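# Structural features, examined
Spelled out, the chains give:
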Amino acid sequence: MICSNVRPTLLARDVATADLFTDGRIELGLGAGYVKAEFEAAGIPFESGGARVDHLERTVTTLRKLFADPEYVPRPVQRPGPPLLVAGWGDRLLSVAAEHADIVAFTGAATTAAGALRVAGPAEMADRVAFARNRLGARVDEVEFNLLIQWVLPSSEVPASVAEFGAILPADVDGRPERLPIVLVGSPEEIADRVVDLRKTYGFGYFTVLEPSMETFAPAMEILRSLD
């Protein structure tokens, strides 16, 4: 996934070219961005949250328009363009995702005014999913829901995680990080069961696991494949 704060027409060209080179295997993930240092490193002004969402919406609508044009070149393999994932949490960003995306991605955390993340508990996650479903309307059965998993932990690492992150855990998890939707804890079997539970509870059918957690998650993935 990339921050969308680039020129939409240039992004469309790069995405279409990548789709051609990969024979139609590109999925484009976009977000408004929230880490100021990343913007500064790229030489991009860090504007207000509203301005960043405005730019994201312009980017998405431009991509859709260009890829729908039969005269547009380079022509992507996937029609009318690669699947679009839009990630967010607030009302405005989830509304953009609901209107335009093929995949609505939930970050599982809100962004504070200082640019830090505030982790969401089960109740807030349920609220955000319900909001997105409501905004999707007739498209609700056509759009996939994605969840970003921040940590995958064996049970032995939970006490250390509580000591490190306990202060930022929301009240409705009662100091137990395994209750967070964005955390998977336990044995491969327990992790697989939790993934199934998240799908039943919230409708997530697509999970993103960060690179440091891939090795821990891999055995659970094999179990999940056997359930298909």
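Residues numbered from 1 in each chain as written. Predicted model: local features only at pLDDT ≥ 70, side-chain atom pairs only at ≥ 80, totals over all residues. Heavy atoms only, no water.

What follows deals with the packing of aromatic side chains. Within the structure shown, the criterion is met by six aromatic pairs. Arranged with centres 5.1 Å apart and planes meeting at 75°, the rings of phenylalanine 39 and phenylalanine 46 form a pair that is edge-to-face. Overall, the relative accessible area of 31% leaves phenylalanine 46 in the partly exposed class. Ring geometry for phenylalanine 67 and tyrosine 72: centres 5.9 Å apart, planes at 70°, overall edge-to-face. As far as the burial class goes, phenylalanine 67 and tyrosine 72 line up, both buried. Every member of this aromatic cluster is reached through a ring pair, and the members are Phe106, Phe145, Tyr202, Phe204 and Phe207. The residue whose ring lies beneath arginine 128 is phenylalanine 131, and the NZ or CZ to ring-centre distance is 4.9 Å. (Phe/Tyr/Trp six-rings, centres within 6.5 Å; stacked < 30°, edge-to-face > 60°. Buried < 20%, exposed > 50% of the residue type's maximum accessible area, 1.4 Å probe, protein only. Lys NZ or Arg CZ within 6 Å of the ring centre and 35° of its normal.)

Take unusual backbone geometry next. With an omega of 0°, the peptide bond between valine 73 and proline 74 qualifies as cis. Mapped onto the secondary structure, proline 74 falls in the loop between α3 (49–68) and β3 (84–88). For the bond running from arginine 79 to proline 80, omega is 0°, close enough to zero to count as cis. Mapped onto the secondary structure, proline 80 falls in the loop between α3 and β3. At aspartate 23, a residue that is not glycine, the phi angle is positive and equals roughly 55°. Inspection of the secondary structure assignment puts aspartate 23 in the loop between α1 (8–21) and β2 (28–31). (Helix = DSSP H or I, 4+ residues; strand = E, 2+ residues; numbered from the N terminus.)

For the protein, the mean per-residue pLDDT works out to 91, and 95% of the residues sit at or above 70. Per-element mean pLDDT across the protein ranges from 50 in strand β1 (residues 2–3) up to 98 in strand β4 (residues 103–106). (pLDDT = per-residue confidence, 0-100.)

As a further point, take the side chain of asparagine 146. Secondary-structure assignment places asparagine 146 in strand β7 (residues 144–149). Of the polar contacts made by the side chain of asparagine 146, one reaches the side chain of threonine 208; its length is 2.9 Å. With near-sequence residues (within four places) excluded, asparagine 146 lies in contact with Leu85, Ile103, Val104, Ala105, Phe106, Phe204, Tyr206, Phe207 and Thr208. (Polar contact = N/O pair within 3.5 Å; in protein donor to acceptor, adjacent residues only side chain to side chain. Contact = heavy atoms within 4.5 Å.)

Judged by how many residues are buried, β7 sits mostly within the fold: five of six residues are covered. As paired strands, β4 and β7 are joined by four bridges and run parallel to one another. Within β7, the residue paired with valine 104 across the bridge is phenylalanine 145. Here β7 runs beside strand β10 (residues 206–209); their pairing, made up of four bridges, is parallel. The residue of β10 that forms the bridge with leucine 147 is phenylalanine 207. (Pairing = 2+ DSSP bridges.)

Taking 1.5 Å as the rise per residue, α1 with 14 residues should run 20 Å; its terminal C-alpha atoms sit 20 Å apart, in good agreement. What α1 keeps buried is the set Pro8, Leu11, Ala12, Val15, Ala16 and Asp19. Taken end-on, α1 shows its buried residues confined to a sector of 130°, consistent with a single buried face. One or two steps after α1, the chain reaches aspartate 23, where phi turns positive at roughly 55°. (Expected span 1.5 Å × (residues − 1). Arc of directions from axis to C-beta.)

Counting residues in each nonpolar core, the largest one holds 57 residues, and the members touching the most others are Phe106, Met125, Phe204 and Phe217. Here this core gets six residues from one element, more than from any other, and that element is α3. If sequence neighbours within four positions are ignored, phenylalanine 217 has contacts with Val152, Leu184, Ile191, Val195, Val209 and Leu224. (Core = buried A, V, L, I, M, F, W, Y, C linked by side-chain atoms within 4.5 Å.)

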